[in-house]
Amino acid sequence: MKISLDWLGEYVAWDDAPEALAARLTSAGLNVENIERIEVGFPGVVVAKVVDREQHPDADRLSLCRVDDGTGVPVQVVCGAPNVRAGLTVLFARVGSELPGGLKLKKSKIRGIESQGMICSATELGLGSDASGIMELETDLPPGTPADELYGFRDTVLDIEVTPNRPDWLSHIGVAREVAALYGTKVAMPPVWNSQQTAENLGVKVKVEEWADCPRYMAFGASRVKVGPSPRWLQNRLRAVGSRPISNAVDITNYVMLELGQPMHAFDRARLTGGTITIGRAGAGLEVTTLDGVGRAVEPGTLLVSDEAGPVALAGVMGLANSEVGAGTTDILLESAFFDPGLVRRASRGMGLVSESSYRFERGADWEMVEKAACRAMYLFQELAGARITPDWADRHDPDRRPPAAIPLRLWQVNRVLGIGIGTDQAAQMLQSLGLKVQPMGNPEASSANAVNIMVEPPGFRRDLKGEIDLIEEIARRHGYDNLAGGGRYRVAGGAVRRPRDTALARARDWLAACGFHELVTSSFGGPDEADRLGLPADDPRRHHLAVINPRHGGDTGLRTCLLPSLLAVARHNLNAGATPPLRLFQVNRVYWPYGLKPALPRHADEARLPQEPLFLQLGIAGWRDTGLGGVPADLLELRGSLEALAGHLRIDLKLEPQDVESWYDAGSQWAILDGAGRRIGSAGRVSAAVRAGHDLDQPLAAAEINLDLLDLTPAPVRFEPFARFPAVRRDLSLLVPDGVTYGAIAAVVARAGGPLLADVELFDIYRGKGLPTGRAAYGIRLKFRSTKGNLKGKTVDVALAAVQAALSGELGIEQRTQD
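Not measured: the values here are computed from a predicted model.

Calculation rules
- Residues numbered from 1 in each chain as written.
- Predicted model: local features only at pLDDT ≥ 70, side-chain atom pairs only at ≥ 80, totals over all residues.
- Heavy atoms only, no water.
- Helix = DSSP H or I, 4+ residues; strand = E, 2+ residues; numbered from the N terminus.
- Rg over C-alpha atoms; globule rule 2.2 N^0.38 Å.
- Buried < 20%, exposed > 50% of the residue type's maximum accessible area, 1.4 Å probe, protein only.
- Areas by Shrake-Rupley, 256 points an atom, 1.4 Å probe, with all protein chains shown as cover.
- Lys, Arg positive; Asp, Glu negative; His and termini not counted.
- Charge placed at Lys NZ, Arg CZ, Asp CG, Glu CD.
- Contact = heavy atoms within 4.5 Å.
- Pairing = 2+ DSSP bridges.
- Salt bridge = Lys/Arg side-chain N within 4 Å of Asp/Glu carboxyl O.

## So, the overall build of the protein
Line of reasoning, step 1. Along its length, the protein carries 19 helices and 37 strands.
Line of reasoning, step 2. Over its C-alpha trace the protein gives a radius of gyration of 39 Å, far above what one expects of a compact globule, namely 28 Å for 820 residues.
Line of reasoning, step 3. Principal-axis analysis of the C-alpha atoms places the extent of the protein at approximately 120 × 90 × 55 Å.
Line of reasoning, step 4. Here the protein, with 820 residues, has 47% of them falling under the buried criterion.
Line of reasoning, step 5. With an accessible surface of roughly 40,300 Å², the protein has 50% of that area assigned to carbon and sulfur atoms.
Line of reasoning, step 6. Taking the average location of the 91 positive side-chain charges in the protein and that of its 100 negative ones, the two points are 6 Å from each other.

Shown next, in the form of structure tokens:
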């Protein structure tokens, strides 16, 4: 919502600079996203008088004029406007001035005659849409007066982020209430039409088919309306907040909506059929043309406003072209209503038509403002359009409606939740400053858990106030979040304890970032061909995805079932943009499996239909073509090392077991990731060339994915172990390893056969090539032995080493390599 400070100052006073006001509003919950200073001026454009006019000697549609621009010497100008004539007061742009749009005026010859400036139309100065002729001024200002004195203006505009539960902030009066509460001032409401009914009849009846669809509908009449441009002050205010002035009849309803927050609609009374307005649901097969000139199919059940011939408005969304107010309108019927938010939202989304009106009605209207806003608009029709207001109106409302019930407030609960110590009077003053009605109860200073100190009646513009906790939030806003004990943190014991998974994820993010990985935030949507491009088997449940029923964009409409396509897309984009490889990337995001696990005991039928939404941690290393030990790709080595180091940092048990798991990895270059109980919770490997080609990635990519919903992220307890007092003994073995035997298998046999004295085993070399038997590779491993009781003797180490060699030979067929 854009708030003009010039406009806001008409209702409330404050004594701060715009930046300070924005800071205080933000601290009170109205997040000011931007401060914009607007200065509209017309340098070089002045008031001038046409001294005389002659026909251009060489053009039938051009005039040769002399213009008094205040310099004392009339200026010769060629003008093409049909309404130019002697004696006219105009706006004149001198040579050297620059008009809106960037046009810079120079001396020029038009059909052989020199022209030294321009007599301007409203369109050329950005002051209106009438390009049929030049502006004719009615002013006593002398020639040479800068146009800024007539049409220039300055303003400061705050761009405020409005949360969905606060529709009252979608108006200048709503923000004025907050400013008044912050600065201890009062809100001055704008003048309204003095609504007193007489015997005169409006001539229109209103029929509401279902009160639930439209709890209140009011209709007012005005005659003798003179449609024309709005006054300059009103146009300036509309432009400042991003609204385009059209005519006084249209601008008034827009102005009041931005002023008071109540959308309204004006019908041309002459274009309505019959004397009855009906509010009801649409049937099937209906098509209409809205005010924007677009033909639209209306879904059955859409709420409509109709005359006796058919629909004239989409209730709460937009009027129809068949009843539009135009230049020839003299009589209007003004609608001010309270429509069901759900119906307005459904119609707006269903037709892809989001308007300022629907944006407000979706969030809930103010019952009392329905009449107040209409009376305000009637006042402006009188003042700005010379209208005569019919002293009769229609007001149809739900006879069973009851005002919101008063809310009990306990000071004991206020102080307990917020960690403060305020009394009843202070709490009452805070709530009253926000426009809430307060009634003290019983002993106002009682402080027991069950003692109600205040009853609060929420006004119509605060539909978000439902219970005691909402009132406590209002007190917190007025007290100031920064002034709460502990910086506003919830003070109940245990209330701020983080779940182990949240703590672990925060530590994982920090650790990965420190290791040079960049976190990704990717879209939850995926394309329909992703399963084919990933090579998923036909029976893989990840081939099934959920699709958005009513998409409002041209992109992907299915919820993704795996993260890899998004990683491929980010890697491709960055590498193609010249990023230096290797790229180290990670993301923590969800996937959506329609046929995944369902709740064992669903709370209701719809819960059983929800997809499984597991949270995954994904790592990726892209663009690294180097190789490491034994010719193994460097990205695979780093990926495995990163996973093992991350598990150690988080103190969780992860194992990588060579196994072909996913179709998108190269066979023989992937691992299954297992938890401490041996359950598979993820996979890692090098993405195959075919999958990379299907995603236009021509550089290597190694990736790993872990299903965090399957992994217990509770860290293992830290155990203290004293430093070793005795030195370790290291022995190296050179082994001839048959093809197909993995280092993981070797390490497992060594760990088991080495006995209690074996402290560590490390692979330090792999060799394949000349001098080796066929089908063999040379592995160099280093074994470290240590005793906690004393120095190891050589014979003891030899016995353990012999046991290792025997186990490797017997179980894996590995021989000791000897030097020739």
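Let's pick the thread back up.
## Considerations on the environment of Y11
Line of reasoning, step 1. Of note, Y11 is situated in the loop between α1 (5–8) and α2 (18–27).
Line of reasoning, step 2. For Y11, a relative accessible area of 2% puts it in the buried group.
Line of reasoning, step 3. Between the C-alpha atom of Y11 and that of A188, which follows or precedes it by 177 residues, the distance is 4.7 Å.
Line of reasoning, step 4. Setting aside chain neighbours within four positions, we find Y11 in contact with H172, I173, A176, K186, V187, A188, P190, Y255 and E259.

## Some points on the pairing of strand β36 (residues 776–785)
Line of reasoning, step 1. The buried count for β36 comes to seven of 10 residues, which makes it a mostly enclosed element.
Line of reasoning, step 2. The pairing of strand β34 (residues 729–738) with β36 spans 10 bridges and is classified as antiparallel. Across the sheet, the residue bridging to L736 is A778, located in β36.
Line of reasoning, step 3. Taken together, the eight bridges between strand β35 (residues 758–767) and β36 define a ladder with antiparallel strand orientation. Note that in β36 the partner of L763 across the bridge is I781.

## Considering the pattern of salt bridges
Line of reasoning, step 1. Tallying each qualifying case throughout the model produces 40 salt bridges.
Line of reasoning, step 2. Its salt-bridge partner being R66, residue D52 comes within 2.8 Å of it at the nearest N-O pair. Of this pair, D52 sits in strand β3 (residues 45–55) while R66 sits in strand β4 (residues 63–68), and the two are 14 residues apart along the sequence.
Line of reasoning, step 3. Residue classification places R66 among the partly exposed positions, given a relative accessible area of 37%.
Line of reasoning, step 4. The salt bridge involving R782 is made with D732; its shortest N-O contact spans 2.9 Å. Of the two residues, R782 sits in strand β36 while D732 sits in strand β34, which places them 50 residues apart along the sequence.
Line of reasoning, step 5. Owing to a relative accessible area of 29%, R782 belongs among the partly exposed residues under this scheme.

In short, geometric facts, not functional conclusions.
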